[in-house]
Amino acid sequence: MNYFSSNFKLGILGGGQLGKMMLYHTRKYDIHTCVLDPSKDAPARLACDEFSVGDLLDYKTVVNFGKQVDILTIEIENVNVEALETLEKEGVKVYPSAKTLRTIQNKATQKLFYRDHDIPTADFSRFAHTSQIDEAVDNGGLEYPFVWKSARFGYDGQGVKVVRRYTDLADLPNVECIAEDLIPFKNELAVIVARNSKGHLKTYPVVEMEFHPEANQVEYVICPARIPDNIAKKAELVALKTAAAFEHVGLLAVEMFQTENDDIIVNEVAPRPHNSGHYSIEASYTDQFEQHLRCILGLPLGNTESKVAGVMVNLVGAEDHTGNVLYKNIEDIMAMDGVTPHIYGKKQTRPFRKMGHVTIVNKDINKARAIAENVKQTIEVISE
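Residues numbered from 1 in each chain as written. Predicted model: local features only at pLDDT ≥ 70, side-chain atom pairs only at ≥ 80, totals over all residues. Heavy atoms only, no water.

(A) Structural view of the pairing of strand β10 (residues 185-195). The element β10 is largely enclosed, with a buried count of nine among its eleven residues. Sheet topology places β10 next to strand β12 (residues 207-211); three bridges connect them, and they run antiparallel. By the bridge assignment, E188 is partnered in β12 with M209. Sheet topology places β10 next to strand β11 (residues 201-203); three bridges connect them, and they run antiparallel. Looking at β11, one finds that R195 is bridged to L201. Taking the residues between adjacent antiparallel strands as the criterion, β10 and β11 are bridged by five residues, where G199 takes a positive phi near 90 degrees. (Buried < 20%, exposed > 50% of the residue type's maximum accessible area, 1.4 Å probe, protein only. Helix = DSSP H or I, 4+ residues; strand = E, 2+ residues; numbered from the N terminus. Pairing = 2+ DSSP bridges.)

Shown next, in the form of structure tokens:
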């Protein structure tokens, strides 16, 4: 099929920052794109050829949108899977598949998938409602501490809480959930696996993630991870096993823990471009967004190696600020060596909202990390 400067149409469900960054490459290749998003002010609205406003969870809206395109992809998992199943039956190519999304959308189903496919993951219990956890603790079937996770609609630290005592359960929503063993770990790692529609596979280097202690959001992504080679190899093999089990097409970001005993266990996955791959825009030969397009279009996969060490810093809204956004001291960070800010195009800031990210590249990963710390201390995402 001729994708370039042709009548071919690529559809993207979701018009957030991931969609916006994917569109950098569709414009580079002159691929006609259609984007559906619930917000008329979505970041991707300006870079696509056709922009539609609509509910991603509404069956009819997604079906009608999907019928207009040749290949449909996502930048967010929370979409109507029944609609994708209908579109697949009608001949629209959907990547990742409805089957993959159905498994991943629900954290309980996702965890059962790992168990069924012998993929290492933390032990867990599944509950139809949070209120059932009390009884499980009383009966001795569950012990504190554990990690509570909402089965559906969790993202960016939402829908996850470490429960250390009875009172920690008080404010949790009464929804389908899992209670997962709290695993002591040395590092949080991630590997992005790229698999195209012809079954060809490549992995990006293992990255290390440092989290904000309160917001439960990634603060820094460091590539390469500062871990021994044998641990990196182990993480890569677990990621490849996970990708093989899903038989996905596109990118699969596999988030993992390196335990105190140097075991690698899977935390969760995302079947799309991912926060842990943003460093690749400046640091890799082929960034993750271009690679996702290569995957779903069945094109040759690009080189996943890094040209240089990279660190990514998330730019999130300051705690006490809501309103029109102002990036305070952005000129100061742009004066630093190897620093590139990416602004997502969200006009309104609120506490911990992802508003952009900054990449820092340097031949020396430790220097890059030090500059990243300086960036973090300097720039502020506040309201006017």
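What follows continues from the structure just given.
(B) Highlighting the sheet that holds strand β19 (residues 348-349). A sheet is described by the order of its strands in space; here three strands give the open sequence β19-β17-β21, paired in antiparallel fashion. Each end of this open sheet is capped by a strand with a single partner; those strands are β19 and β21 (380-383). Direction of pairing for strand β17 (residues 323-328) relative to β19: antiparallel, over a ladder of two bridges. Across the sheet, residue N324 finds its bridge partner in β19, namely Q348.

(C) Representation of the sheet that holds strand β4 (residues 71-74) in the model. Spatially, five strands are ordered β3-β2-β1-β4-β5 in an open sheet, and the strand pairing comes out parallel. At either end of the open sheet lies a strand with only one pairing partner, and these are β3 (50-53) and β5 (93-94). The pairing of strand β2 (residues 32-37) with β3 spans four bridges and is parallel. Bridging across to β3, L36 finds its partner in S52.

(D) A look at the side chain of N80. Position of N80 relative to the elements: it lies in the loop between β4 and α3 (81-89). Within polar-contact distance, the side chain of N80 engages the backbone nitrogen of A83 at 2.8 Å. Dropping the residues within four chain positions of it, N80 is found in contact with L56, L57, D58, Y59 and V62. (Polar contact = N/O pair within 3.5 Å; in protein donor to acceptor, adjacent residues only side chain to side chain. Contact = heavy atoms within 4.5 Å.)

(E) Structural context of the side chain of Q288. Looking at the secondary structure, you find Q288 in helix α9 (residues 288-296). Dropping the residues within four chain positions of it, Q288 is found in contact with I192, Y204, L251, P273, H274, G277, H278 and S280.

(F) Examining the nonpolar core more closely. In this structure, V206, M256, V266 and V269 are the most contacted members of the largest nonpolar core, which totals 23 residues. Where this core is concerned, the elements lending two or more residues are α5 (107-116), β10, α7 (229-246), β14 (250-259) and β15 (264-270). At seven residues, the largest contribution of residues to this core is made by α7. Residues contacting V269, with those up to four places away along its chain left out, are E77, I104, Q110, Y114, T242, F246, L252, A253 and V254. (Core = buried A, V, L, I, M, F, W, Y, C linked by side-chain atoms within 4.5 Å.)

(G) The arrangement of the environment of V147 in detail. By secondary structure assignment, the location of V147 is in strand β7 (residues 146-150). For the pair V147 and E180, spaced 33 residues apart in sequence, the C-alpha separation works out to 4.9 Å. The residues touching V147, leaving out its near neighbours within four places in the chain, are V160, K161, V162, I178, A179, E180 and L182.

(H) Region of the structure containing the packing of aromatic side chains. Enumeration over the complete set of coordinates arrives at eight aromatic pairs. Look at F4 and Y29: their rings are 5.7 Å apart centre to centre, the planes differ by 65 degrees, and that puts the pair in the edge-to-face class. One end of the pair, F4, is in the segment before β1 (9-13); the other, Y29, is in helix α1 (residues 17-29), with 25 residues separating them in the sequence. Look at Y29 and you get partly exposed, because its relative accessible area is 28%. (Phe/Tyr/Trp six-rings, centres within 6.5 Å; stacked < 30°, edge-to-face > 60°.)

(I) Local environment of the environment of Y24. Note on placement: Y24 falls in helix α1. Overall, the relative accessible area of 38% leaves Y24 in the partly exposed class. Spatially, the C-alpha atoms of Y24 and F289 are 8.4 Å apart, while their sequence positions differ by 265 residues.

(J) Fine view of helix α11 (residues 365-378). Taking 1.5 Å of rise per residue, 14 residues should cover 20 Å, and α11 covers 20 Å from first to last C-alpha, within 8% of that figure. Among the residues of α11, those classed as buried are I365, A368, R369, I371, A372, V375 and T378. The N-cap residue of α11 is D364: its side-chain oxygen and the backbone nitrogen of N366 are 2.8 Å apart. (Expected span 1.5 Å × (residues − 1).)

(K) The environment of Y166, seen in detail. In this fold, Y166 is placed in the loop between β8 (160-163) and β9 (177-181). Sequence spacing of Y166 and V53 is 113 residues, and the spatial spacing of their C-alpha atoms is 43 Å. Among residues more than four places away in sequence, those in contact with Y166 are D134 and Y144.

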